[in-house]
Structure formats: C-alpha cells, structure tokens
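Working through the structure, step by step
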Amino acid sequence: MAHGVKWLSGGVIGKYPMRRVIGRSKIGLHAVSVDERTKLDTWTASKDFFLSGLKFNRNINKMRTVFYLAAALISIQVGMAQSLEKMQWFNEPEQWKIENKSLSMFVTPQSDYWRISHYGFTVDDAPFYYTTYGGEFEVKVKVTGDYQARFDQAGLMLRIDHENYIKAGIEFVDGKFNLSTVVTHKTSDWSVITLEKPVPYVWIKAVRRLDAVEIFYSFDDQTYTLMRNAWLQDHTPVQVGLMAACPDGKGFNVTFENFRVKHLPDQRRLEWLKQNAE
C-alpha cells in the first residue's frame, strides 16, 4: 500500500496497476490493486469468521457458566431435601410425607413421651423423626399444627435414650397455646409459658453447648427468646429431630418446615486452641 498519497487517479505504484481509490485512512487516501483487494477481502472474511468464532465461544462459555450455576443450585436444593429424607423414624406414624423440604404427618393418637413423675406412668411411643449428632450444635425448625385436644404438642426433641431426653415446642392445654419444655432424666419435669392468644406457627431453636441445652422460641425467625436452660450429658451422641404427640386426642395434622442442624465448634477445644496458639 502507499500511504500519505493525497489523490490517485490511475497510473502505477511499484509494479501494481492502479484501479480505483477505495477508502481513506487516517493518513490519507490509499489505493489497492486487484490482487491486494482480493487479499483484503480474504483477510476481512477471515477476520469476520474469527470474530464470530470468538463471539460463539463467549456465548458457549456464558451458557456453561449458567449451566454450572444452575447445577450447583439444584445440587444444594437436592442436598437439603436429601438430608431430611435420610433421617429415620422412631414410632413411625401411619400417615406422613416429605414435600418441598418440609415434613407433614398425622400424629398418632394416644401417644406421648413421659416418665413416671406426677402421673405415675411411663410412655415412649410418639412419632419422632431424627438424625444423630455428636458434639455441639444448633438446631431449629418452624412448626405449624392443627391442635385439637388437650396436650396436643409438636416441636424438637434431643434424645440420648429412653431415660434421657428433652422435648420442646408448642402444646395445647385447656384451650390455650403454651410454649412447653419437658426435661427427662430418669423422671420427667414440665415447664410452660402460656401465650395470650393463638399463633399460626412458632420457631423452636435448641443450642447444645458443653453439658447444657438452651431452648428458644420465636414468631418470626428473627428475635428469639430463651424459654429453658437444661442439663444434658456432654460427650454423648444425641438423636435430634422432629417430635409430635397426642396423649388424649384422636390425632392432628402438623407440618415441620426449614429444619436445620448447624455444627458448632467445641467450646473446650476453642479455649485450648486459644491458650496454645502458635
């Protein structure tokens, strides 16, 4: 090519015959021979093909990114659902289902958890859907029940064995809703907080630290209030899960949503690490 040419109207540059002026560069007009034009067209076509290839590859990469993100999200959702489905029953009820990461059941009539004190009898036959954890953890769940009869109840249970367990949730007694906790070590005790009016649902949270369990309740999963602090043997695996009972009635429907157990680092080990930091 000849750069810096102001105007060309035929003639010869070097050995190439001039045909026409085809464009203006930043330096000025420039002329291209037939052979150069062919080369230019070929280069342009090659460039367009290359750029279209880059665009196609970018689109493919975007599609791959979207696919991987979607796959990751599905994996997380399936993992959450599977964690609920992998739990097991103690006293499985006749009717229950897992759907949309929630457990629903029709609670077995004439069933409960209680040992000896006050009433003089022992029962250990209510539905309990659980998994097993060692060490320290936090567990919570949202509970919605259609309570009908006296002592209808639903919530969380932490259980070492038939003589050592804690159950906490909402319980229907004498027409009122109560936040209820039963702590059993050989014999059972019972504490309640009576609510002034019915509630559509309640969140129950338990935090196991060292040799104690703190029980909290909430109506919005934001503000939690302590309802009980109870002893539970440490360094012992615990069955933790969803419990419902119907001691006096004919059964009722209850749904557990957003069940979650979160591991907590062992407090004693954290203290040891603090004192023995490198």
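Here's a quick rundown of the structure. (Residues numbered from 1 in each chain as written. Predicted model: local features only at pLDDT ≥ 70, side-chain atom pairs only at ≥ 80, totals over all residues. Heavy atoms only, no water.)

With that settled, the discussion passes to a nonpolar patch on the surface. A surface patch of nonpolar side chains, about 360 Å² in accessible area, is lined by Y119, F121, W190 and V192. For W190, the position within the fold is in strand β15 (residues 187–194). Assessed through its relative accessible area of 34%, W190 is described here as partly exposed. (Patch = residues over 30% accessible without salt bridge, like charges linked within 9 Å, V, L, I, M, F, W, Y side chains within 5 Å. Areas by Shrake-Rupley, 256 points an atom, 1.4 Å probe, with all protein chains shown as cover. Salt bridge = Lys/Arg side-chain N within 4 Å of Asp/Glu carboxyl O. Helix = DSSP H or I, 4+ residues; strand = E, 2+ residues; numbered from the N terminus. Buried < 20%, exposed > 50% of the residue type's maximum accessible area, 1.4 Å probe, protein only.)

What follows is about unusual backbone geometry. For N91, which is not a glycine, the phi torsion comes out positive at approximately 65 degrees. Position of N91 relative to the elements: it lies in the loop between β5 (88–90) and β6 (95–99). Despite not being glycine, I116 shows a phi value in the positive range, around 70 degrees. Mapped onto the elements of the fold, I116 is located in the loop between β8 (113–115) and β9 (122–124).

The subject of this paragraph is the nonpolar core. Core analysis: the largest hydrophobic core is formed by 43 residues, its most contacted members being V139, L158, V254, F256 and F259. With sequence-adjacent residues up to four places away left out, F256 is seen in contact with S102, L103, M105, V141, K142, V143, A154, G155, L242, M243 and A244. Residues A126, M157, Y165 and M243 belong to the second largest nonpolar core, which totals eight residues. (Core = buried A, V, L, I, M, F, W, Y, C linked by side-chain atoms within 4.5 Å. Contact = heavy atoms within 4.5 Å.)

Of all eight residues in strand β16 (residues 202–209), seven are buried; the element is thus mostly enclosed. As paired elements, strand β11 (residues 136–145) and β16 share seven bridges and run antiparallel to each other. When the sheet's bridge partners are listed, F137 is paired in β16 with R208. Judged from the seven bridges that link them, β16 and strand β17 (residues 212–218) form a sheet pairing that is antiparallel. Within β17, the residue paired with K205 across the bridge is F216. Hairpin connection, β16 to β17: the antiparallel pair is bridged by two residues, and L210 has positive phi, about 50 degrees. (Pairing = 2+ DSSP bridges.)

Tallied over the full model, the rule gives 13 aromatic pairs. Seen in terms of ring centroids, Y147 and F177 are 5.7 Å apart; in terms of plane orientation they differ by 80 degrees. Their pairing is edge-to-face. With Y147 in the loop between β11 and β12 (152–161) and F177 in strand β14 (residues 176–185), the pair connects residues that are 30 residues apart, well separated along the chain. Of the two residues, Y147 and F177, both sit in the buried class. A connected cluster of aromatic rings, assembled from ring pairs, spans Y147, F172, F177 and F252. The lysine or arginine in question, K142, covers the ring of Y201, its NZ or CZ lying 4.2 Å from the ring centre. Lying over the aromatic face of F216, K205 brings its terminal NZ or CZ to 5.3 Å of the ring centre. (Phe/Tyr/Trp six-rings, centres within 6.5 Å; stacked < 30°, edge-to-face > 60°. Lys NZ or Arg CZ within 6 Å of the ring centre and 35° of its normal.)

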